[in-house]
Amino acid sequence: MSAPLSRHHATSVAYVGLFAALMAVLGLVPKIDLPFGVPITLQSLGVMLAGCLLGGLRGFQAITLFLIAVAAGLPLLAGGRGGMGVFLTPSSGYLVGYALAAGVTGWLMRWLPVHSPRRAATSAFIASALGGIVFLHLLGIAGLMLFAKLTLQQAIWIDLAFVPGDLIKALLCAAIVHSVAKAMPDWRMGGRPSCQA
């Protein structure tokens, strides 16, 4: 009985490490700097994918591992940024929110229908929109208010600049989930099989 548990644990650790590395790879894509100190990056796509494909707990663990590496000084954020200082900038709400958003996205995927590739893709878009956009942006707005000294209304207006791009990322995440569900119907999303045979 211990062997299957050990194999499952090893697989979970591998997936967590793989998606932390995916976040680092997405950080190689150049960022788009905006005047208020929060860049547009591709790394929020990694947050959505971690939640949808790994589930809440492992998605949270993968992004937390990535953030620990960033805090330790590794330049893994878009633009080669790293160190504790990045958590004291206007974008800190988004950064701290990455792991929590992956957890929320994965938790939503657990309860949304995934019994066919099309349903899995639709659920991935919904989970990404609610967890990777709405929830994450609420934390981002809080960070803008705290570190950029903006009013709530100002922070909301600034945050709206990210919504169109993040909706595109949610669609891309849904397309990737569709491909995974079609190619590997036994893939577990949110702690259960993505498709039923």
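This text gives an overview of the structure that appears in the document. Since the model is a prediction, treat every value here as computed from it, not as a measurement. (Residues numbered from 1 in each chain as written. Predicted model: local features only at pLDDT ≥ 70, side-chain atom pairs only at ≥ 80, totals over all residues. Heavy atoms only, no water.)

## Regarding the environment of Val-134
Part 1 of the argument: Topologically, Val-134 is positioned in helix α5 (residues 117-147).
Part 2 of the argument: Overall, Val-134 belongs to the partly exposed group, its relative accessible area being 45%.
Part 3 of the argument: For Val-134 and Ser-6, which are 128 residues apart along the polypeptide, the C-alpha to C-alpha distance reads 37 Å. (Helix = DSSP H or I, 4+ residues; strand = E, 2+ residues; numbered from the N terminus. Buried < 20%, exposed > 50% of the residue type's maximum accessible area, 1.4 Å probe, protein only.)

## Here's the deal with the packing of aromatic side chains
Part 1 of the argument: On inspection of all chains with the given rule, the structure shows two aromatic pairs.
Part 2 of the argument: The interplanar angle of 55 degrees and the centroid separation of 5.6 Å between the aromatic rings of Tyr-94 and Phe-162 together place this pair among those described as tilted. In this pair, Tyr-94 is assigned in helix α4 (residues 92-111) and Phe-162 in the loop between α6 (152-159) and α7 (163-183), connecting sequence segments 68 residues apart. As far as burial versus exposure is concerned, Tyr-94 and Phe-162 are alike and both buried. (Phe/Tyr/Trp six-rings, centres within 6.5 Å; stacked < 30°, edge-to-face > 60°.)

## Comments concerning the packing of α5 against α6
Part 1 of the argument: At a minimum axis separation of 9 Å, α5 and α6 run at an interaxial angle of 130 degrees. On the basis of their axis angle, the class for α5 and α6 is oblique. The interaxial crossing formed by α5 with α6 has right-handed handedness. Across the interface between the two elements, His-137, Ile-141, Leu-144 and Met-145 of α5 pack against Leu-152, Ala-155, Ile-156, Ile-158 and Asp-159 of α6.
Part 2 of the argument: When grouped by side-chain class, the residues that make up the contact of α5 with α6 number seven nonpolar, one polar and one charged. (Axes fitted to C-alpha atoms, helices over the stretch in contact; angles between N-to-C directions. Parallel < 35°, antiparallel > 145°, perpendicular 65-115°, else oblique. Left-handed = near helix turned anticlockwise from the far one by under 90°. Contact = heavy atoms within 4.5 Å. Nonpolar A, V, L, I, M, F, W, Y, C, P; charged D, E, K, R; others polar.)

## Overview of unusual backbone geometry
Part 1 of the argument: With a phi close to 55 degrees, Lys-149 is a non-glycine residue in the positive phi region.
Part 2 of the argument: With respect to the element layout, Lys-149 can be found in the loop between α5 and α6.
Part 3 of the argument: A relative accessible area of 68% means that Lys-149 is categorised as exposed.

## Notes on the nonpolar core
Part 1 of the argument: Grouped together as the largest cluster of nonpolar side chains are 52 residues, with contacts concentrated most on Leu-53, Ile-63, Phe-66, Tyr-98, Val-177 and Met-189.
Part 2 of the argument: When contributions to this core are tallied by element, the ones reaching two or more residues are α1 (2-26), α2 (43-54), α3 (56-71), α4, α5, α6 and α7.
Part 3 of the argument: Once you skip the residues sitting within four places of it in the chain, Val-177 turns out to touch Cys-52, Leu-53, Ala-120, Ala-121, Ala-124 and Met-189. (Core = buried A, V, L, I, M, F, W, Y, C linked by side-chain atoms within 4.5 Å.)

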